[in-house]
Amino acid sequence: MPGTNLTRDEAATRAALLDVTSYSIDLDLTTAPDPDIPTFGSTTEIAFTYSDPGASTFADLVGATVHEITLNGRELDPATYADSRIPLPDLQAENLLVVRADCTYSNTGEGLHRFFDPADGRVYLYSQFEVPDARRVFTTFEQPDLKSTFTFHVTAPDHWKVVSNAPTPEPTPLGDGVARWDFPATKPMSTYITAVVAGEYHAVFDTYQGEHGEIPLGHYCRQSLVEFLDRDELVKLTKQSFEFFEREFGYPYPFEKYDQLYVPEYNMGAMENAGCVTLRDEYLPRSRQPRSFYEFRCSVITHEMAHMWFGDLVTMKWWDDLWLNESFAEWACYWCEAEATEFTDAWTGFANARKQTGYRADQLPSTHPIAADNHDLEAVEVNFDMITYAKGASVLKQLVAWVGLDAFRDGLRQYFQDHAFGNTEFDDLLRALERSSGRELGSWAEEWLQTAGVNTLAPEFELDDDGNYSRLVVRQSAAPDHPTLRRHRLGIGLYDWVPGTSGDSERRLVRRDYLEVDVEGEATEIKEAVGLRQPDLLLLNDGDLAYAKIRLDERSLATAIEGLSHLDDSLARALIWGATWDMTRDAELPATAYVDLVLGNIGNETDAWGVTRIPTYAALAVNSYSAPAKRADLQHRWERGLRKLLDQAEPGSDSQLTFARSYASAARSEEAIADLEALLDGSLVIEGLVVDDDARWSLLTALAARGRADDARIDAALAADQTISGQEHAAAARAAMPTAEAKAAAWELALYDPKTPNETARSIVNSFMRSGQDEVLAPYVEKYLESVDGAWDRIGAHRGSVALEFIFPKPLASPELLERVDAFLETTTANPGAVRYVREGRAEVARALAAQEADSV
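Conventions used here
Residues numbered from 1 in each chain as written. Predicted model: local features only at pLDDT ≥ 70, side-chain atom pairs only at ≥ 80, totals over all residues. Heavy atoms only, no water. Helix = DSSP H or I, 4+ residues; strand = E, 2+ residues; numbered from the N terminus. Buried < 20%, exposed > 50% of the residue type's maximum accessible area, 1.4 Å probe, protein only. Contact = heavy atoms within 4.5 Å. Areas by Shrake-Rupley, 256 points an atom, 1.4 Å probe, with all protein chains shown as cover. Expected span 1.5 Å × (residues − 1). Pairing = 2+ DSSP bridges. Axes fitted to C-alpha atoms, helices over the stretch in contact; angles between N-to-C directions. Phe/Tyr/Trp six-rings, centres within 6.5 Å; stacked < 30°, edge-to-face > 60°. Lys NZ or Arg CZ within 6 Å of the ring centre and 35° of its normal. Polar contact = N/O pair within 3.5 Å; in protein donor to acceptor, adjacent residues only side chain to side chain. Salt bridge = Lys/Arg side-chain N within 4 Å of Asp/Glu carboxyl O.

### Topic: the overall build of the protein chain
So, point 1. Each helix and strand counted, the protein chain has 28 helices and 28 strands in total.
So, point 2. When burial is assessed residue by residue, the protein chain has 58% of its 857 residues classed as buried.
So, point 3. Within the protein chain, contacts between residues at least 6 apart in sequence are counted, and of these 73% link residues at least 24 apart.
So, point 4. For the protein chain, the accessible surface area stands at approximately 31,300 Å², while carbon and sulfur atoms represent 49% of it.

The structure is reproduced here in structure tokens:
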């Protein structure tokens with residue numbers, strides 16, 4: 001039985017015979033304000049042609065109660081609806097299908113999510129349909145290559161805002177506080193980018209006047225967040241992005257308007273619904289955030305706008321090319337961010353944060369080619385990961401370097417012209433780029449897109465008597481399980497110490513020479529380097545063109561540890577931060593040495609993402625990668641070092657905010673715990689540091705994790721912060737408590753209770769497993785393994801994947817844990833998607849044990 005699955009072959013068969021003329025969808029949302037009514041009315045009318053009259057096919061609908069099915073005027077038995085499919089027998093050349101059903105509101109962020117705001121009781125709805133969840137709201141042919149036009153009709157309370165892909169019409173009053181919104185038909189689009197958002201939203205409007213005409217802009221949020229809607233900044237970023245993309249893509253924005261709606265309890269960062277983009281409303285922060293937060297928010301805004309062309313105007317034929325959809329938008333968002341907004345160093349942030357997630361994912365047992373074999377919808381959901389986003393964007397960045405930006409842009413422009421409102425495969429884009437660049441790209445695509453794993457590039461050299469290179473080789477290696485050696489466009493930087501303007505005490509590391517070469521195979525001779533004096537720091541992948549791990553030679557590593565903060569180029573620093581972190585993860589650099597590097601240099605880091613992300617890497621090194629015999633001492637050094645950095649940080653700076661958050665997480669000593677209590681009660685005041693809502697919860701959660709805050713104290717904090725954010729923070733604080741009762745309650749909410757909202761469950765699983773709580777966490781090895789089977793059925797695929805990924809018992813790393821997990825993996829018959837997270841957790845534990853051994857020397 002297919003259930004909610006759909007295979008690529010089934011989709012291809014259906015698409016070969018069927019063409020969808022139009023959808024008309026009537027949704028009755030008047031039940032939404034009543035929490036006791038779980039369903040809404042959904043009536044769908046689909047006009048379609050079929051090239052094999054007399055044959056049959058099926059339509060898709062999930063989790064519904066079907067009342068009537070009419071096909072070409074003939075009533076079908078509603079009981080034939082089964083297994084998420086509606087059989088359609090004896091089709092004609094032209095067909096009209098009408099399905100009247102009740103569908104279910106969601107609290108998992110899939111389908112039509114319903115949210116009651118605890119701050120004021122108002123109700124909000126929004127849809128989330130990618131990958132296959134439009135069929136939870138209306139009857140569909142749920143595959144991306146069956147594009148059509150969609151006409152939505154929505155009945156709802158008359159004081160609501162109702163938004164969809166097409167421009168919002170004036171509602172028609174129906175009496176009794178109810179109105180009907182009859183939207184015009186949309187442009188042709190795929191089902192997964194249709195949208196309906198409705199509720200008591202606050203809205204503000206603007207327009208963008210561009211080269212191709214006027215684009216109406218809307219920004220929406222909950223009423224309780226109006227004071228945090230920084231409209232001017234959001235409008236500025238939106239206009240900057242439109243100007244950039246319309247110019248660079250050479251094609252006008254393809255839809256009638258552009259609304260951005262900040263919605264609650266959202267699973268993703270955002271979603272590119274055509275003209276109706278939904279985003280996490282955490283992007284409207286109620287507390288102070290560092291610059292990296294706003295830099296990331298900017299990248300999300302530009303990412304979704306890039307999709308309007310690449311994904312919405314031109315859409316993949318099937319989910320095999322999911323990577324291209326997301327990888328392109330990911331690359332384009334940083335391109336736009338760096339060229340068109342205030343975040344001109346966006347590629348440095350990409351290297352310090354986003355790209356690291358790609359490297360990590362590519363070294364897990366679940367790694368896969370960028371162009372994954374998504375043979376069915378279940379495979380798509382498993383492969384929606386950082387290989388798709390971060391690695392894919394990194395590889396596209398390398399492709400741009402390979403063919404040249406001008407040629408790449410010319411190919412894109414032709415691609416949009418040739419395939420507007422259609423569906424394509426990767427080969428269509430590849431041909432456009434080959435024509436514009438004159439380069440053969442098939443072999444490049446094969447080695448980069450159809451193989452998995454990350455290469456490592458290391459320098460190998462010989463010096464003459466004068467200290468000049470007589471030979472420099474870039475040595476390339478690959479993991480045994482993924483042995484492909486690839487071609488890399490590679491920058492090589494040679495950096496020397498030079499005196500500062502005020503003498504040697506302020507000397508700097510400055511690039512003396514830069515080489516850009518193509519690296520291929522196991523060893524590449526860099527002839528251009530022969531005769532050049534050996535630098536103090538030799539940096540492979542300078543400029544970050546390549547997707548590869550890099551290694552530092554002994555002299556360069558010593559220079560980096562001594563003087564990373566004396567290197568002015570933020571991107572070069574990011575590459576060194578990344579190389580040393582990678583060496584730590586690979587058990588080549590002791591965790592203690594990495595922590596010393598961070599404590600010695602992070603105080604002078606200027607890149608926003610470097611400031612906020614690198615301390616999290618160091619904390620992982622302290623708590624997971626350090627030798628157990630040394631750990632208590634290293635934890636104390638880390639705690640004291642952070643306190644010193646906090647004291648030295650510029651008042652009100654991002655560094656101060658980050659060090660305060662890191663110090664709270666690191667606090668173990670009585671002295672540090674007393675600091676947290678004093679910050680909370682106001683007896684300790686640090687100039688420039690504001691203890692706002694988020695800071696209070698951070699401090700309280702840290703205290704709870706150390707057994708210094710009980711349920712009553714958390715209840716009191718929640719009473720003072722009766723928002724959904726407060727509820728999520730409170731759930732995290734309770735999950736952090738080191739008591740059997742707290743852990744049991746949190747476990748039930750996160751892994752077994754289907755009523756727990758998705759974001760509350762996420763808060764719990766991210767807080768549950770904590771270093772230093774070994775005794776109370778020990779029973780959860782078996783509980784975790786027991787929970788794997790049936791997780792998808794109990795709490796849904798999305799909640800299940802989040803839970804199993806983040807609540808794996810990594811803090812209990814030991815050979816015995818590996819043995820137990822291995823035994824489980826040998827016999828389990830659980831869903832392969834669930835088992836993936838067990839394998840990943842096992843791999844992370846094995847990595848931690850290897851790093852611990854390296855740190856014990």
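### Concerning helix α7 (residues 387-403)
So, point 1. End to end, α7 covers 22 Å across 17 residues, agreeing with the expected 24 Å (1.5 Å per residue, within 8%).
So, point 2. Of all 17 residues that make up α7, 16 are buried, and the element is covered over most of its length.
So, point 3. Gly404 lies just past α7 and shows a positive phi near 95°.

### Describing the sheet that holds strand β10 (residues 149-157)
So, point 1. Strand order in the open sheet formed by eight strands is β5-β4-β7-β2-β1-β10-β13-β12, with mixed pairing between adjacent strands. What marks the edges here is a single partner per strand, and that holds for β5 (74-76) and β12 (172-175). If you compare each strand with its neighbour and ignore which way they point, the axes differ by 15° on average.
So, point 2. One ladder, built from five bridges, connects β10 with strand β13 (residues 178-182); its direction is antiparallel. The residue bridging Pro157 from the neighbouring strand is Val178, located in β13.
So, point 3. Strand contacts of helix α1 (residues 8-17): β1 (18-28) and β2 (39-50), with the helix running at about 105° to β1, the strand carrying the most contacts.

### Structural notes on the sheet that holds strand β8 (residues 111-116)
So, point 1. Pairing is antiparallel across the open sheet formed by four strands, whose spatial order is β8-β9-β14-β11. Only two strands of the sheet have a single partner each, and these edge strands are β8 and β11 (161-164). Averaged over all adjacent pairs, the angle separating strand axes in this sheet is 10°, with direction ignored.
So, point 2. Direction of pairing for strand β9 (residues 123-128) relative to strand β14 (residues 196-199): antiparallel, over a ladder of three bridges. Following the sheet pairing, Leu125 is matched in β14 by Ala198.

### What to know about the packing of aromatic side chains
So, point 1. Applying the stated criterion across every chain yields a total of 49 aromatic pairs.
So, point 2. Plain terms: the ring middles of Tyr334 and Trp347 are 5.6 Å apart, the flat faces sit at 35° to each other, and that makes the pair tilted. Placement of the pair is Tyr334 in helix α4 (residues 322-340) and Trp347 in helix α5 (residues 346-362), with a sequence separation of 13 residues. You'll find Tyr334 and Trp347 in the same group, each marked buried.
So, point 3. Over the face of the ring belonging to Phe768 we find Lys743, whose NZ or CZ atom lies 4.7 Å from the ring centre.
So, point 4. Across from the ring centre of Tyr780, 5.7 Å away, lies the NZ or CZ of Lys783, which sits over that ring.

### Notes on the side chain of Ser164
So, point 1. Looking at the element boundaries, Ser164 is found in strand β11.
So, point 2. Overall, Ser164 belongs to the buried group, its relative accessible area being 1%.
So, point 3. In this structure the side chain of Ser164 is engaged in a polar contact, spanning 2.7 Å, whose partner is the backbone oxygen of Ala195.
So, point 4. The contacts of Ser164, once residues within four sequence positions are left out, are Phe152, Phe183, Ala195, Val196, Lys257 and Cys276.

### Some details on the pattern of salt bridges
So, point 1. Per the stated rule, a full pass over the model turns up 72 salt bridges.
So, point 2. Between Glu248 and Arg409 there is a salt bridge whose closest N-O contact spans 2.7 Å. Of the two residues, Glu248 sits in helix α2 (residues 231-249) while Arg409 sits in helix α8 (residues 405-419), which places them 161 residues apart along the sequence.
So, point 3. Judged by relative accessible area, Arg409 falls into the buried class, the value being 16%.
So, point 4. Arg508 serves as the salt-bridge partner of Asp568, at 2.6 Å between the closest nitrogen and oxygen. Linking Asp568 in the loop between α11 (554-563) and α12 (570-585) with Arg508 in strand β25 (residues 503-519), this pair joins segments that are 60 residues apart in sequence.
So, point 5. Bridged by salt links that share partners, the residues Lys549, Arg551, Asp582, Asp586, Glu588 and Arg847 form one connected network.

By themselves these figures say nothing about function.
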